[in-house]
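# Secondary and tertiary structure notes
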Amino acid sequence: MKQHPILAALLMLVFSAMGVFAHPMGNFSINHFSALTVEPQGIQVRYILDFAEIPTFQERQGMDQNQDGTISTTEQTRYLEEKVSTLSNRLFLIIDGKRQPLTPLSHTLEFPKGAGGLPTMRLDIVYQTPPVSLHGRAEPQSWMLEYEDKNYPHRVGWKELAAKGVSGIGLEGSIVPETGSALLDYSEAENNTPPQILKTSFSFHRSAGIPPTISAAPRPMALPGLSQEDAFTRLMGEHRPSGLNLFWILIVSAALGAGHALSPGHGKTLVAAYLVGSQGTFRHALLLGITVTFSHTIGVFLLGLITLYLSDLILPETLYPWLSRLSGLGILTIGLILFRQRWAGLKSHTKTSHHHHPKTKPHDAAHPLKHILGLGISGGIIPCPSALVVLLSAVAFHQVGFGMLLITAFSFGLAATLVAVGLSVVYLGNRFKGFGPFGPLFRFLPPVSAASVSILGGLIALGGGG
Amino acid sequence: MKTQRLQSVQNILSGYAFVSAATILLLLLRSNPVFPQENGRTNRITKPPDIPAVMAEIRRGQETGDASYFVRAEKWLENIPPNGAAQGHILGLRAWIALFQHEFEKAEHLAEQARRLQPLVAFHYGVLSDAALELGKYEQSLQAAQKMLNLQADQAAYSRAAHLRELHGDSTGAIELWGKAIAAGARTPESSTAWCQVELGDVYWNLGQISKAHDLYLSALKTQPGSHRALARLARIHAVKNDFETAEHHYQQAIAARPLPEYLEALGDLYLTLGREQEAENQFAQVIFSARLDALEGKPPNRELAFFYARHNRNLMEALRIAEAEIDRRKDIMTYDVLAWAYYKNGRYSEAETAINRALRLGTPYPRLYFHAGMIATALGNPVVAHKHFKTALSLNPHFDLKAAKVAKTQLLQHPHLKKGGPS
């Protein structure tokens, strides 16, 4: 039968490619796998090493003690005995601070064919620690286990760990999976960087109810001032809008905004400090609260845009301190202007008080709108990192609308708190105006509150304040 | 008055509404990218924003010498849609991978394409400079490195400029720039402070300032614990100080991390010096095994193997064949040096002289080059030139090589009459 020449060439190509296919982890690699099984009889460690072609060649040179180019059974046995022992010297299994001896239970040595039929080497050893006494111990009945594989440090390769408890032993705080590849399947490395896990620690206990294994979930991006446990940020990552859920998510978002306004840096002190001395009205309180919230939201939008479009030129994290300084300086300036006007107003009031002008207003009363807007914008321009993360997550998830909705609900909550603070101050101010033996002292309130605004501005500019 | 106030509040609220609407629009557009970002300042970066994982993978490949990282990185690149700015970045990264795979012409071609797409991306000039350097196009390499430095004076740019200065004989300038590279710190995945510290140590080593070189290798080990490059060089220093035990230990540590042929060969040389021939032979067998493995995988033999054969008087015809094949791909001074040495060992002294002159054309202060030039001149019956070259090699670093430095000293002693009158 005549073979098709192209097909023959293709077949040859395929077979030669199969024959010379390099170790998937590279010819230099030594690949590690440890599987820990915690059981009442002790801790069993299945330890597998897969040597690629070059390290196999090196190991075989060491095995061939008479240098005759072949490895006899005696040479292999002697090598194995020594290897099993030296490898265990660099496996550290520690329970409650005490290193446990590892006794080999079994071992196998194979030489699977690698590139061009050259040998690779697979060593599979099972070690066992002495039994851990799980009874007769005072509470809490929990043991801390630490494990580290220090063999072949710095050598490239796949480095994997697995751990599980059996026979009523539960693990707590383990971040490694219960089972692993046993170095039989490297296909995951086609799409991911190979694992590099050589140590782990967890506690284990004898318990019917085994706590779930904790997985290492990816964290949101880190921005200054953002707590990793920020509830608002999690809303974006964990929930997608759907029906009634959406309503509750928005309510939660608004509630978080209301609560968030009480954390430092959200202008509530500013609102109070301004209104307390301005003889402000309910209308002023409302306007100041809303302005702070509006500029806050705009600040988020602008920073979001900078992050998305100009992050090659300006890093958002470097922008934060500058925005804070700018905002602080704005507040400081307005505070000083207010102080000058109110101090002048106080002096003029003192001079004219014996002429019984009953209702002298502070001078800033002439421009309340200007001052409220100025203060509101300056106070609110420092963007909230949580809201920014939500915005960026929304872009990443292709859920821009949902992200905007969340931020809007969050802002409503924020506004509600600030307005409530403002209204309370105005209400209390009206209630106690000229009241009791301290009545005359209320005369000093306008300049004192203006000074407070200036101090707050200064603190924000220097990196503090709230 | 009241109407005026109301008006100003309305104006401000309208402003907010406008900014909000614009933001929403831009964000919606961003989530479905339609903005071309081929040119302009937004592309003025060294790290492609969309594919940092690929860069990190290539960097790991560079650090470990493990080719599987490059294969993986190349595969990842195929899955990235080449739209917008990504097209330039993909080309740049493919060029970078080609560089590590010793496909220099391909690297130059791809980097040039990337540069055309993104003329303000410093990274592309870096790859272009590296590729031109390997192809022996030093002027182009200099120009590209200069542009990279102008665009972004960071570790990646300083280190290229420093290497070029050293190659052109300006060791002082090289020391200055390597210092700047180290001070700049590793901000991008294509740079590494430990790498730079070892390189600066090498400049001092080539100048015979062994104590400074030693300190820098120690610093590199501090920066990157277990650095095989630093360990191998520390071993070399201990060997010239006759502290053979420490030298052996450091070589073994380096080999345990990466059994690179150059480390195996150096340890073999050390064993030869100590008269431990069987152990030396074991190391050399590993060098040959690595070469065999490369050949099985279809990789062309490289100049290191040719140099190994030539140095150890093995497979001399093969050494020359490899060196001649390598010079077709790579025309830098070090490849010419290997070619010269392969010609010399094959008794083709005239061709060796032509090749070594090409290797010395930049005035690079590498003792090895002058030693080879001296041996070739000796073979051609030109003791005056030979004397000059041996003297230069030894004046640069009297300990440049365990075996070769001794030969150079012997050669000088054989021609004492040239010591006074000969050119220095």
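Every chain is numbered independently, its residues counted from 1 as its sequence is written. Naming scheme: in the order in which they are written, chains are lettered from A and ligands are numbered from 1. A pLDDT threshold of at least 70 governs which residues receive local features in this predicted model, and a stricter bar of 80 or more applies before side-chain atom pairs are shown or counted, although totals over entire chains, interfaces and linings include all residues. Heavy atoms throughout the structure, all of them, feed into the side-chain values; hydrogens and water do not.

This brings us to the overall build of chain A. Secondary structure is summarised from DSSP: a helix means a run of H or I of at least four residues, a strand means a run of E of at least two, and numbering begins at the N terminus for each. When its secondary structure is counted, chain A shows 12 helices and 10 strands. Relative accessibility under 20% of the residue-type maximum defines a buried residue, over 50% an exposed one, and the middle range a partly exposed one, all with a 1.4 Å probe and only protein chains included. Among the 466 residues that make up chain A, the fraction classed as buried is 45%. Considering only residue pairs separated by 6 or more positions, chain A has 78% of its internal contacts joining residues 24 or more positions apart. Computed with a 1.4 Å probe, the accessible areas rest on the Shrake-Rupley method; for each residue, only the protein chains presented here act as cover. With the model as given, the accessible surface of chain A reaches about 23100 Å², and the carbon-plus-sulfur share is 65%. Contacts: residue pairs with any heavy atoms within 4.5 Å of one another.

Within chain B, the secondary structure is distributed over 23 helices and zero strands. Of all 424 residues assigned to chain B, the portion counted as buried reaches 52%. In chain B, once contacts between residues fewer than 6 apart in sequence are set aside, the share between residues at least 24 apart is 56%. Accessible surface for chain B amounts to roughly 18500 Å². Of this, 55% is attributable to carbon and sulfur atoms.

Attention now goes to the packing of aromatic side chains. To describe a pair of aromatic rings, one takes the distance between the centres and the angle between the planes. Here a pair means two rings of Phe, Tyr or Trp (six-membered ring of Trp) with centres within 6.5 Å. Their orientation is stacked below 30 degrees between planes, edge-to-face above 60, and tilted elsewhere. Under the criterion given, the structure shown has 14 aromatic pairs over all chains. Aromatic pair Phe57 of chain A and Phe289 of chain B: ring centres 4.2 Å apart, planes at 15 degrees, arrangement stacked. In this pair, Phe57 of chain A is assigned in helix α2 (residues 53-63) and Phe289 of chain B in helix α15 (residues 277-296), connecting two distinct chains. When the centroid spacing of 5.5 Å and the interplanar angle of 55 degrees are considered together, the rings of Tyr344 of chain B and Tyr349 of chain B count as tilted. Three or more aromatic residues joined by ring pairs form one cluster here, namely Trp341, Tyr344, Tyr349, Phe371, Phe390 and Phe400 of chain B. Directly above the ring of Phe111 of chain A sits Arg60 of chain A, whose terminal nitrogen or CZ lies 4.7 Å from the centroid. We call a charge positioned over a ring when the NZ of a Lys or the CZ of an Arg lies within 6 Å of the ring centre and within 35 degrees of the ring normal. A cation sits over an aromatic face here: Arg368 of chain B above Phe307 of chain B, 4.0 Å from the ring centre.

Residues and elements named next belong to chain A. Across the sheet, five strands lie side by side as β5-β6-β2-β1-β8; this open sheet has mixed pairing. Looking at the sheet topology across the chains shown, the edges are occupied by β5 (103-110) and β8 (159-165). Strand after strand, the sheet turns through a mean of 10 degrees between neighbouring axes, direction not considered. Pairing between two strands is assigned when DSSP locates at least 2 bridges connecting them. Examined bridge by bridge, strand β1 (residues 30-39) and β8 share seven bridges and lie parallel to one another. By the bridge assignment for β8, Leu36 is matched with Ala163. Fitted lines through C-alpha atoms give the axes, limited to the stretch in contact for helices. The angle between two N-to-C directions lies from 0 to 180 degrees. Along the sheet face, α2 touches β1, β2 (42-51), β5 and β6 (121-128) and points at about 105 degrees away from the line of β2. Along the sheet, helix α3 (residues 73-89) makes contact with β2, β5 and β6, crossing β6 at roughly 55 degrees.

The next point concerns the pattern of salt bridges. Residue and element names in this part refer to chain B. Salt bridges are counted wherever a side-chain nitrogen of Lys or Arg sits within 4 Å of a carboxyl oxygen of Asp or Glu. Following the criterion strictly, the structure yields 26 salt bridges over all chains and no others. Among the salt bridges present, the one from Arg321 reaches Glu318, with a minimum N-O distance of 2.8 Å. With a gap of three residues between them, Arg321 and Glu318 both fall in helix α17 (residues 316-329), about one helical turn apart. A residue is classified by how much of its surface remains accessible, and Arg321, at 43% relative accessible area, is partly exposed. We classify Glu318 as partly exposed; its relative accessible area is 29%. Each of Glu134, Glu326, Arg329 and Arg330 takes part in a single network of salt bridges with overlapping partners.

The next subject is the side chain of His214 of chain B. Residues and elements named next belong to chain B. Its place among the elements puts His214 in helix α11 (residues 210-223). Relative accessible area serves as the criterion here: at 18%, His214 is assigned to the buried category. In contact with His214, not counting residues within four places along its chain, are Leu234, Ile237 and His238.

Quick look at the packing of helix α18 (residues 333-345) of chain B against helix α19 (residues 349-359) of chain B now. Residues and elements named next belong to chain B. Where α18 meets α19, the closest approach of the two axes is 8 Å, and the angle between their N-to-C directions is 165 degrees. As far as their axial angle goes, α19 and α18 are roughly antiparallel. In terms of crossing hand, the pair formed by α18 and α19 is left-handed. When α18 is examined against α19, the residues Ile333, Tyr336, Asp337, Leu339, Ala340, Tyr343 and Tyr344 are found in contact with a partner set consisting of Tyr349, Glu351, Ala352, Ala355, Ile356, Arg358 and Ala359. Angles below 35 degrees are treated as roughly parallel, those above 145 as roughly antiparallel, those between 65 and 115 as roughly perpendicular, and all remaining angles as oblique. Take the far helix as the reference: if the near one is turned anticlockwise from it by less than a right angle, the crossing is left-handed, and if turned clockwise, right-handed.

On to the environment of Glu279 of chain B, then. Residues and elements named next belong to chain B. Structurally, the position occupied by Glu279 is in helix α15. Taking relative accessible area as the criterion, Glu279 reaches 31% and is therefore assigned partly exposed. Along the chain, Glu279 and Leu267 lie 12 residues apart, while their C-alpha atoms are 9.0 Å from each other.

To estimate how far a helix should extend, the number of its residues minus one is multiplied by 1.5 Å. Compared with the 28 Å implied by 1.5 Å per residue over 20 residues, the 28 Å span of α15 of chain B between its first and last C-alpha is a close match. Of all the positions in α15 of chain B, only Ala280, Asn282, Gln283, Phe284, Gln286, Val287, Phe289, Ser290, Ala291 and Leu293 of chain B are classed as buried. In the core, the buried residues of α15 of chain B are packed alongside α2 of chain A together with α13 (244-257), α14 (261-273) and α16 (303-311) of chain B. Once α15 of chain B ends, the next one or two residues include Gly298 of chain B, with phi positive near 85 degrees.

All names here are of chain A. With 10 of its 10 residues buried, β1 lies for the most part within the structure. Where β1 and β2 come together, 10 bridges link them in antiparallel fashion. Counted as the bridge partner of Val38 is Ile43 from β2. Between β1 and β2, which follow one another and run antiparallel, lie two residues.

Trp178, Leu339 and Phe371 of chain B are the most contacted members of the largest nonpolar core, which totals 107 residues. Setting aside residues up to four positions removed in sequence, Phe371 of chain B forms contacts with Trp341, Phe390, Ala393, Phe400, Ala404, Val407 and Ala408 of chain B. Within this scheme, the nonpolar core is defined by two criteria: the residues are buried Ala, Val, Leu, Ile, Met, Phe, Trp, Tyr or Cys, and they are joined through side-chain atoms within 4.5 Å. Counting 34 residues, the second largest nonpolar core, distinct from the first, contains Val38, Leu49, Leu93 and Ile169 of chain A.

All names here are of chain B. Under the 1.5 Å per step criterion, the end-to-end length of helix α20 (residues 367-379) is 18 Å for 13 residues, consistent within 8% with the ideal 18 Å. Burial analysis of α20 places 10 of its 13 residues in the buried class, the great majority of the element. Those residues of α20 lying buried are Pro367, Leu369, Tyr370, Phe371, His372, Ala373, Gly374, Met375, Ile376 and Ala377. The elements touched by buried residues of α20 are α10 (193-206), α16, α18, α19, α21 (383-396) and α22 (404-414). Count one or two residues on from α20 and you reach Gly381, which has phi positive near 75 degrees.

To continue, consider the confidence of the model for chain A. Residue and element names in this part refer to chain A. Per-residue confidence from the predictor is given as pLDDT, running between 0 and 100. Here chain A averages 73 in pLDDT, and 63% of its residues register 70 or above. Ignoring residues within four places in sequence, the model shows residues 1-20, a span with pLDDT below 50, making nine contacts including any to other chains. Every residue in residues 353-364 scores below 50 in pLDDT, and together they form 13 contacts with partners more than four places removed in sequence or on other chains.

Here we come to the environment of Glu134 of chain B. Residue and element names in this part refer to chain B. Relative to the elements of secondary structure, Glu134 occurs in helix α6 (residues 122-134). According to the relative accessible area criterion, Glu134 is buried, its value standing at 16%. Taking the C-alpha atoms as reference points, Glu134 and Lys331, 197 residues apart in sequence, are found 6.3 Å from one another. Beyond its immediate sequence surroundings of up to four residues, Glu134 is in contact with Phe104, Arg330, Lys331 and Asp332.

The backbone of Ser167 of chain A sits at a positive phi, close to 55 degrees, despite the residue not being glycine. Note that Ser167 of chain A resides in the loop between β8 and β9 (169-172). You will see that His102 of chain B, though not glycine, has its phi angle at about 60 degrees, which is positive. Positionally, His102 of chain B belongs in the loop between α4 (86-100) and α5 (104-117).

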